[in-house]
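Examination of the molecular architecture
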Amino acid sequence: MKRPILIHPDPRLKKVCAPVDDLSDALRRLADDMLETMYDAPGIGLAAPQVGVLSRLIVLDCIKEEGAAPRPMAMFNPEVVASSDETNVYDEGCLSIPEQYGEVTRPAEVEIAWIDRDGNAQKQVFDGLWATCVQHEIDHLNGKLFIDHLKPLKRQMITRKMQKLKRELARG
Ligand code: K1U
Ligand code: ZN
């Protein structure tokens, strides 16, 4: 089931999310719903707070090539356990901040530890777009948006545009 995506500014997007204790069927269903919502958007990642659930769960699939096999991933309690000194700059977007972009500098390579949907501990090194995306999604779990990495003036300009968009959407 597709879920509505919250649009910035929304207080739920600024909260630190709670760790997942027990992997229930409801949480696995949430992960499936988030993947459906992400593919439909379309996007390459999604974090639970973006659908209003304040739990530490993210999904991602950074395979963008037409015709390539999808690689959906769901990560419960994801954590950065190591990051490279080398950095990458990427012009990031966000499904909660539609049609706005900004350059964010992040470590080029990160090692991530997480719990998979079967309850098994996993650890893997990510680079390229996968590294950018997984860091963007973990930021969401800590109440941080990509615009929080930008200069205050650009952040304020984007927030004002989003306030206007939300007013227009509410009017219908
Ligand atoms: O978390 C989100 O809001 C999803 C976001 C993830 C992301 C994008 C760019 C850099 C880092 C993280 C998106 O998926 S925005 C949409 C997007 O980037 C995209 C959409 C269709 C095809 C390819 C990319
Ligand atoms: Zn985002």
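Overview of the structure. (Residues numbered from 1 in each chain as written. Chains lettered and ligands numbered in written order. Predicted model: local features only at pLDDT ≥ 70, side-chain atom pairs only at ≥ 80, totals over all residues. Heavy atoms only, no water.)

What about the coordination of the zinc ion (ligand 2)?
The line we're drawing: Distances up to 2.8 Å from the metal define which N, O and S atoms are donors, and 3.2 Å serves for Na, K and Ca; water is absent from the atom set, so sites may look incomplete. Going along the chain from the N terminus, every DSSP run of H or I of four or more residues is numbered as a helix, and every run of E of two or more is numbered as a strand. The classification of residues rests on relative accessible area computed with a 1.4 Å probe and restricted to protein chains. Under 20% of the type maximum is buried, over 50% is exposed, and intermediate values are partly exposed.
Protein coordination at the zinc ion (ligand 2): the donors are Cys94 (SG), His136 (NE2) and His140 (NE2), at 2.1 to 2.3 Å from the metal. For the zinc ion (ligand 2), the donor residues sit on a single chain with the sequence spacing C-x41-H-x3-H. Residue histidine 136 and its partner histidine 140 are both found in helix α2 (residues 128-141); the two are separated by four residues, about one turn of the helix. The exposure class of histidine 136 is buried, given its relative accessible area of 7%. Judged by relative accessible area, histidine 140 falls into the buried class, the value being 2%.

Thoughts on the side chain of aspartate 116
As a reminder, the rule being used: For this count, His and the chain ends are skipped, Lys and Arg are scored as positive, and Asp and Glu as negative. Salt bridges are defined as contacts in which a side-chain nitrogen from Lys or Arg sits within 4 Å of a carboxyl oxygen from Asp or Glu. Contacts described as polar in this section are N or O atom pairs within 3.5 Å, which, within protein, must combine one atom able to donate a hydrogen with one able to accept it, while residues neighboring in sequence count only if both atoms come from side chains. By definition, residues are in contact when any of their heavy atoms lie within 4.5 Å.
With respect to the helices and strands, aspartate 116 occurs in the loop between β6 (109-115) and β7 (121-127). Buried charge without a partner: aspartate 116 forms no salt bridge, and the closest opposite charge is arginine 28, 7.3 Å away. A polar contact of 2.8 Å, which involves the side chain of aspartate 116, links it to the side chain of glutamine 122. The contact partners of aspartate 116, leaving out residues within four places of it in the chain, are Leu23, Ala74, Phe76 and Gln122.

A short note on the pairing of strand β2 (residues 57-60)
Heads up, the condition is: If DSSP finds at least two bridges between two strands, the strands pair.
Residues Leu57 and Val59 of β2 are buried on one face, and the alternating residues Ile58 and Leu60, pointing to the opposite face, are buried as well. For strand β1 (residues 45-47) and β2, the ladder comprises three bridges, and the chain directions are antiparallel. Opposite glycine 45, over in β2, you have leucine 60 as the bridge partner. The pairing of β2 with strand β3 (residues 73-83) spans four bridges and is classified as antiparallel. Residue pairing across strands places leucine 60 opposite methionine 73, the latter belonging to β3.

A look at the side chain of arginine 106
Summarising the element assignment, arginine 106 is placed in strand β5 (residues 97-107). The contact partners of arginine 106, leaving out residues within four places of it in the chain, are Glu86, Thr87, Asn88, Glu92, Thr132, Gln135, His136, Asp139, Phe146 and His149.

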